[in-house]
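As a plain string of letters, each chain reads:
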Amino acid sequence: MRYNFKKTEKKWQKHWDENESFKAEENSKKPKFYGLVEFPYPSGHGLHVGHPRGYTALDIISRKKRMEGFNVLFPMGWDAFGLPTENYAIANKIHPAVVTAENIKNFKRQLKMLGFSFDWSREIDTTDPKYYKWTQWIFLKLFEKGLAYKATMPINYCTGCRVGLANEEVVNGVCERCSSEVIQKEKSQWMLKITEYAARLIDDLDGLDYIEKVKVSQKNWIGRSQGAVVNFKVEQTGDTITVFTTRPDTLFGATYMVLSPEHEFINKNKEKIKNYAEVERYKLAAAKKSEFERTELSKEKTGVALEGITAINPMNGVQIPIWISDYVLVTYGTGAIMAVPAHDERDWEFAKKFDLPIIEVVSGGDDVQKQPFTDVDDGIMVNSGFITGMQVKDAIKKITEHIEKNNIGERKINYKLRDWVFSRQRYWGEPIPIVLCEKCGYVPLSESELPLLLPETDNFEPGEDGESPLAKQVDWVNTVCPKCGGKAKRETDTMPQWAGSSWYFLRYIDPNNDDFLAGMDKLKYWLPVDWYNGGMEHTTLHMLYSRFWHKFLYDIGVVPTKEPYQKRTSHGMILGENGEKMSKSRNNVINPDEVVGEYGADTFRTYEMFIGAFDQATPWSMQGVRGCHKFLERVWGLSGMVTADGGYSDELMSAVHKTIKKVTEDIDRMKFNTAIAALMSFINKVMSIGSLTRGEFKTFLLLLNPIAPHITEELWENAGFSGFASQSKWPIYDAAKTLDDEIEIAVQINGKVRDKVIINADDNDETVKEKALACQKVNDFLSDKKIVKVIVIPKRLVNIVAK
RNA sequence: GCGGGCGUGGCGGAACUGGCAGACGCGCUAGACUUAGGAUCUAGUGGGCAACCGUGGGGGUUCAAGUCCCUUCGCCCGCACCA
C-alpha cells in the first residue's frame, strides 16, 4: 500500500490539536527546556520557505528533548505591528487590525500544516492590547528611571510624499515609492538610553553560548574602544577643546585639530573666527547632505580652517590650526579630533589635500610623507619628548599617566553605540503612554490607564510634514494631564517594531496574566531561554535591544536572570533554485503550500533539514525534495519487512547502536543533514538484508520521529507499539556495541594505499603490523625496496615507509 | 577599508583532536519488471586506456595534509570616515 500522507498528516495534526499533546506543564518536577524561535511578522505573502528552516530545527530539538524527559516550552506568536500591514491597509482601505487578523490566520494554518509541536495555548500577538499593555508598562518604567527621554533627532523625510520614512523605505537616497529626494528633518523624538548598558552588553556576552559571529557582531555594533580624552587650550578664546583618541602616544605628532561642522565651539566663538561666513557656508552644505551622501564611499575630504584661531598642543606647546570637516562625526567621541596625519589614514588624506604638516612620531614604516604608518604592534616612538624610544604600547601607558597627572585629560572608554531612537511617525504601533502638559511637561500615564489603546479610525494616512497619523485624531490627542488635570496633548508617535519583540519570550511564560507581564515563580522556573534560533539578519539589533530591555527588567527586579537567552544559533538562508536570493522579482520563490500539497509536511521537513549545513546558505532543489520523499516511502515500506523478534539482531546490532549515537549527537549539534544521512544509510542496510526486527523498527521510528513526526506516528500505531512515538523514550545506545569486532584497515606504502586488510578489533600493534606485511600486494610493491619504518595507527591504517 | 564566512565530483554536500577524500541525496549510464513510465528494483558512477592525478593557485612542515604554517587568487554576507 502506498503511503497516503495527506490523510495521515491531517489525522495526527488533529490528534495533537485536540489532545494539546505538546502543552508545556506547569509545576512540573521535570527539568525544563525552553526552546525559542523568532516569532514571524505575519505578512500578506504567507510563510516563506526560509521560516520553517529554523522552526523545523528547533521543533526537532524540542521533540527530542520531550522524549528525553524534559518539560519543554516551545511557543509561537506574532510580531504583528509593522509597516507593510499599515501600507496595505492604506492602499486597500481596510483597518490594519483586520489585515493582521487575516494574515495571522493564514500563517497559523501554514504552521499547523507543517506539524510543529508548538504549545498553541500560549500564542501571543504584539498588537493585542492585553499584550501591548505590558510593552507600554515597560516604557513607563524606562521613563520613570530616566532611560527614556526626548531629543531632537533627524528623520528621513520624503520631499515628495511629505512624510517621514523608515530606513527601509529609503533606497539609494530616494523615496522607495515616489523616487523623490529624501532629506534629514529634525524632529523631537523619544530615545532610550541603551548606551548606559553598553559595557554590560559587551561584558556579559562572555558567559553565553552564542555562535561566535553573533557575539562578534554584537561587540562590533557596540564598538568599545579604549583611549583617552585630551584637552587642547585655544589660544584666542581661553576655552578648551576636548578630543577622544585611542592613540595618545601620537600626541606629539598632532599637527592640527578638526571639529565636526556641528561642534558647539563654532557657534560660541563666531566673532573670533575671521572667516565665519565661509565656515557657515560649509556648515550649511554639510547639514544639507543626506546621511547617504555624507557616508558615501571614497569621496574627497573637504574642510575649512577656522582663521584667527589656534590651539596649543599640550605636549610641546606648539600652536596648531583648527579646521572643520564633515569627516569628523559629531555623534562619536567628543565631535572633535586631534589630527596625527603621519599615523592616521584619514588625517593623512586631509593633510595632503590641504598641505598641512606631517610629522613622524612612530618609526618603523616607510616615509610618512608618502603614506601613513598605522601599525601599533612594532613601532618605536620618535620626536616625542619623554616617550621617545619607547614601544607604542608602553608609550600609550606612560603618556596616559602623564596626561592624568597633569590634568590635561584622562583615560576613557568610548562606544560607537548610540541611544535608540524609539519614535515612529506611524499608526500601526504601540502608542507611547505619555502626555505633554502645558504646565508639567512630559507626564506618564498611570499604570491603571494602560493599555492606552490606539484610537479607532479609518484614516491611517501618514500625517503631513512628517507627523504621525495619530496627530490627526484630535479627540484622542487632546486630553487632560494626569498630574494637574490641565490641558494636555497625547504623544502621537508610536513605538518601533522592535518594542514588542524585545520581551515577547517573557510573555509566553505566563501569557494570560492580567496583573503582571509574567509571574516571578514561572519566570524563575523557565528562564533563561535555553536555546534561541533565528535569522542572521536579527543577530545585531533585535538581540541587542531585547538584551538591553531584559537587563533593565532585571535591574528593577522584574526578571530573575541577567540575560534572556543562554544559547543563540542562526540558520542560513534558503536560496532559489538558481542560487540567487528568493524574491518575487527574480521569479524563484518556492511556496511551502505547494510543496506540502504535493509531497506532504514530513517530506518538506526532512528536505529542509537535509538540504545542507544548517548554518549555511543553500539553494532549493525540487529534485532533492523528491529524494526525501522517496526516502519516506521506503520507510513506509519497512513495515512489511518486520519480524516478530523484539530485540536487535546480531546482523544489525552495531548498525543500530551506531545510528542512535550518530542521530543523537548530530541533532544536538544541529547537523541535521548528516543525521538524516545516517538514517538513510541504516535503511539501505536493512534493504540489503531484506528484513529487520520489531525492536529495530521501533528504534528507527523513534529516531526519525522528531524529523518526520506524522509518518512515524502512523507506523508506530499500525505496528501496535504502545502509546505514541512522540511521547516515548528516546533510544539509548551502548557505546560498547557501536564497535565492530572486525575492522578493515588500509595498508599504505609511503603514504599511498596499496591494499586493505581485515584485523580484529583487539589485535595489538605488532599483530596488525604482521598482518599488513603479509599482504601479497604489499610484498609485490616492496620487492625491490627496503623497509625503513612501519607506523601503525590503531583501527585506522598501517603506513610502511620504504626506500 | 574593517569584521565574519566560504572555495571539495555534473549538482547539494560528507570527512570528530592530521590517518583509506567524495558518506548521504540528486543527476547520469546500463539492466530488470511493465501497455506505458517523470513509478519501482538491481548494478555502476571523481578524472585518466594506464602508470598515475586529484579538495581555488603556489610554497612548506610531516611517515601521512581538505585539515597545520606561509603566500596568493576568487566569491558571499554584515558594517562602513567610529579618531
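The rules we used
Residues numbered from 1 in each chain as written. Chains lettered and ligands numbered in written order. Predicted model: local features only at pLDDT ≥ 70, side-chain atom pairs only at ≥ 80, totals over all residues. Heavy atoms only, no water. Helix = DSSP H or I, 4+ residues; strand = E, 2+ residues; numbered from the N terminus. Buried < 20%, exposed > 50% of the residue type's maximum accessible area, 1.4 Å probe, protein only. Contact = heavy atoms within 4.5 Å. Areas by Shrake-Rupley, 256 points an atom, 1.4 Å probe, with all protein chains shown as cover. Lys, Arg positive; Asp, Glu negative; His and termini not counted. Charge placed at Lys NZ, Arg CZ, Asp CG, Glu CD. Core = buried A, V, L, I, M, F, W, Y, C linked by side-chain atoms within 4.5 Å. Phe/Tyr/Trp six-rings, centres within 6.5 Å; stacked < 30°, edge-to-face > 60°. Lys NZ or Arg CZ within 6 Å of the ring centre and 35° of its normal. Salt bridge = Lys/Arg side-chain N within 4 Å of Asp/Glu carboxyl O. Pairing = 2+ DSSP bridges. Polar contact = N/O pair within 3.5 Å; in protein donor to acceptor, adjacent residues only side chain to side chain. Axes fitted to C-alpha atoms, helices over the stretch in contact; angles between N-to-C directions. Parallel < 35°, antiparallel > 145°, perpendicular 65-115°, else oblique. Left-handed = near helix turned anticlockwise from the far one by under 90°. Expected span 1.5 Å × (residues − 1). Near = heavy atom within 4 Å.

**Student:** Lay out the overall build of chain A with the relevant residues and their values.
**Tutor:** Secondary structure summary: chain A contains 26 helices and 34 strands in total. Summarising its shape, the C-alpha atoms of chain A cover approximately 100 × 85 × 50 Å along the three principal directions. For chain A, the proportion of its 803 residues judged to be buried stands at 53%. Considering only contacts within chain A whose residues lie at least 6 apart along the sequence, 71% involve residues at least 24 apart. When the accessible area of chain A is evaluated, it comes to approximately 36,400 Å², of which 50% is carbon and sulfur surface. Of the side-chain charges in chain A, 106 are positive and 111 negative, and the distance between the mean point of each set is 1 Å.

**Student:** How would you sum up the nonpolar core? Please name residues and give values.
**Tutor:** One finds Trp549 and Trp620 to be the most contacted residues of the largest nonpolar core, which totals 137 residues. Beyond its immediate sequence surroundings of up to four residues, Trp549 is in contact with Thr135, Ile138, Leu142, Leu192, Trp420, Phe422, Ala499, Ser502 and Trp503. If you look at the next biggest cluster of nonpolar residues, it comprises 52 residues, including Phe252, Val304, Ala336 and Ile403.

**Student:** Give me the lowdown on the packing of aromatic side chains, citing residues and values where you can.
**Tutor:** Per the counting criterion, the structure on display carries 49 aromatic pairs. Between Phe350 and Phe354, the aromatic rings sit 4.8 Å apart at their centres with planes inclined by 55°, giving tilted as the arrangement. One end of the pair, Phe350, and the other, Phe354, are both in helix 11 (residues 345–354), four residues apart, so they sit about a helical turn from each other. The class of Phe354 is partly exposed, set by a relative accessible area of 24%. Within the aromatic cluster, the residues linked to one another by ring pairs are Phe139, Phe143, Trp190, Tyr197, Trp420, Phe422, Tyr442, Trp498, Tyr545, Phe548 and Trp549. A cation over a ring is seen here: Lys65 above Phe70, with NZ or CZ 4.6 Å from the ring centre. Here the basic side chain of Arg490 rests over the ring of Trp476, its NZ or CZ set 5.5 Å away from the ring centre.

**Student:** How would you sum up the pattern of salt bridges? Please name residues and give values.
**Tutor:** Applying the stated rule across the entire model yields 41 salt bridges. Note that Asp530 is salt-bridged to Lys32, the shortest N-O span being 2.9 Å. In this pair, Asp530 is assigned in the loop between helix 16 (520–526) and strand 25 (531–535) and Lys32 in strand 1 (residues 32–37), connecting sequence segments 498 residues apart. Arg547 is the salt-bridge partner of Glu563, the closest N and O atoms lying 2.9 Å from each other. Residue Glu563 is found in the loop between helix 17 (541–555) and strand 26 (567–571), and its partner Arg547 is found in helix 17; the two are separated by 16 residues along the sequence. The exposure class assigned to Glu563 is buried, which follows from its relative accessible area of 8%.

**Student:** Can you explain the sheet that holds strand 2 (residues 71–73)? Please cite residues and give values.
**Tutor:** Here five strands make up an open sheet; going across it, the order is 2-1-25-26-10 and the pairing parallel. Here the strands that pair on one side only, and so sit at the sheet edges, are strand 2 and strand 10 (209–210). The sheet contact formed by strand 10 and strand 26 spans two bridges and is parallel. Paired with Asp209 across the strands is Lys567, a residue of strand 26.

**Student:** Kindly report on the pairing of strand 11 (residues 224–234), identifying the contributing residues and their values.
**Tutor:** Where strand 11 meets strand 19 (residues 409–415), seven bridges bridge the pair, whose relative direction is antiparallel. Across the sheet, residue Ala228 finds its bridge partner in strand 19, namely Arg411. Relative to strand 12 (residues 240–245), strand 11 runs antiparallel, the two sharing six bridges. Its bridge partner lying in strand 12, Val229 is registered against Phe244. Hairpin remark: strand 11 followed by strand 12, antiparallel, with five residues in the connecting loop; positive phi at Gly238, about 85°. Summarising the sheet, strand 11 and strand 14 (residues 304–312) pair through two bridges and their orientation is antiparallel. For Val234, the partnering residue across the bridge sits in strand 14 and is Ala311.

**Student:** So, the environment of Thr494: which residues are in play, and what are the values?
**Tutor:** Here Thr494 lies in the loop between strand 24 (487–490) and helix 14 (498–501). Since its relative accessible area comes to 0%, Thr494 is described here as buried. In contact with Thr494, other than residues within four places in its own chain, are Phe422, Ser423, Arg424, Arg426, Tyr427, Gly429, Glu430, Pro431, Ile432, Leu454 and Leu470. Polar contacts involving the side chain of Thr494 include one to the main-chain carbonyl oxygen of Arg426, which spans 2.9 Å.

**Student:** Provide a residue-level description of the sheet that holds strand 6 (residues 163–165), including the pertinent values.
**Tutor:** Taken in spatial order, the four strands make up an open sheet running 6-5-9-20, and their pairing is antiparallel. Unpaired on one side and paired on the other, strand 6 and strand 20 (420–421) mark the two borders of the sheet. In this structure, strand 5 (residues 148–158) lies alongside strand 6, joined through three bridges in antiparallel fashion. Within strand 6, the position partnered with Asn156 by the bridge is Leu165. Contacting strand 5 and strand 9 (182–192), helix 5 (residues 129–144) crosses the sheet at an angle of about 85° to strand 9.

**Student:** Mind laying out the packing of helix 2 (residues 51–67) against helix 21 (residues 653–668), listing which residues take part and the relevant values?
**Tutor:** Geometry of a packed helix pair, given as the angle between the helix axes and the separation of the axes. At their nearest, the axes of helix 2 and helix 21 sit 10 Å apart, and the two run at 125° to each other. When the axes of helix 2 and helix 21 are compared, the pair comes out oblique. The interaxial crossing formed by helix 2 with helix 21 has left-handed handedness. Between helix 2, through Ile60, Ile61 and Lys64, and helix 21, the contact on the second element is made entirely by Thr664, Ile667 and Asp668.

**Student:** Tell me what's going on with unusual backbone geometry, and back it up with residues and numbers.
**Tutor:** Note the cis peptide between Leu450 and Pro451, where omega equals -5°. On the secondary structure map, Pro451 appears in the loop between strand 22 (441–444) and helix 13 (474–477). Residue Pro528 is bonded to the preceding Leu527 through a cis peptide linkage, with omega at -5°. Unlike most non-glycine residues, Asn27 shows phi in positive territory, near 55°.

**Student:** Kindly report on helix 20 (residues 622–638), identifying the contributing residues and their values.
**Tutor:** Since the α-helix turns once every 3.6 residues, residues separated by three or four places project in the same direction. Here helix 20 is 17 residues long and its end C-alpha atoms lie 25 Å apart, about the 24 Å a rise of 1.5 Å per residue gives. Two to three positions downstream of the cap, the backbone nitrogen of Gln623 sits 3.3 Å from a side-chain oxygen, assigning the N-cap of helix 20 to Ser621.

**Student:** Residue-level account of the pairing of strand 14, with values.
**Tutor:** Of the pairings in the sheet, the one linking strand 14 to strand 15 (residues 319–324) comprises five bridges and is antiparallel in character. Bridge pairing links Val304 to Ile324 in strand 15. In sequence, strand 14 turns back onto strand 15 through a hairpin of six residues, with Gly317 there showing a positive phi of about 70°.

**Student:** Please give an account of the environment of His571 that cites residues and values.
**Tutor:** Along the polypeptide, His571 turns up in strand 26. Given a relative accessible area of 17%, His571 falls into the buried group. Considering only alpha carbons, one finds His571 and Gly534, 37 residues apart in sequence, at a separation of 6.6 Å. Setting aside residues no more than four positions away along its own chain, His571 makes contact with Gly50, Arg53, Gly54, Asn533, Gly534, Gly535, Phe614 and Asp615. Reaching out from His571, the side chain makes a polar contact with the side chain of Asn533 at a distance of 2.9 Å.

**Student:** So, the protein's contact with RNA strand B: which residues are in play, and what are the values?
**Tutor:** As a structural note, the neighbourhood of RNA strand B is formed by 51 residues, with Thr246, Lys299, Arg346, Lys756 and Arg796 the closest of them. Backbone atoms, meaning sugar and phosphate, form 59% of the atoms of RNA strand B found within 4 Å of the protein. The element that contributes the greatest number of residues to the surface near RNA strand B is helix 22 (residues 672–689), accounting for six residues.

**Student:** Summarise the side chain of Gln110; cite the residues concerned and give the values.
**Tutor:** Topologically, Gln110 is positioned in helix 4 (residues 96–113). The buried category is assigned to Gln110, whose relative accessible area is 2%. At 3.0 Å, the side chain of Gln110 forms a polar contact with the side chain of Asp593. Setting aside residues up to four positions removed in sequence, Gln110 forms contacts with Gly46, Leu47, Asn591 and Asp593.

**Student:** Would you mind going over helix 21 in detail, with residue names and values included?
**Tutor:** Taking 1.5 Å of rise per residue, the 16 residues of helix 21 would be expected to cover 22 Å, and the 23 Å separating its terminal C-alpha atoms lies within 8% of that figure. Taken residue by residue, helix 21 has Ser654, Ala655, Val656, His657, Thr659, Ile660, Val663, Thr664, Asp666 and Ile667 as its buried positions. Phi for Met670, located one or two positions after helix 21, is positive at around 60°.

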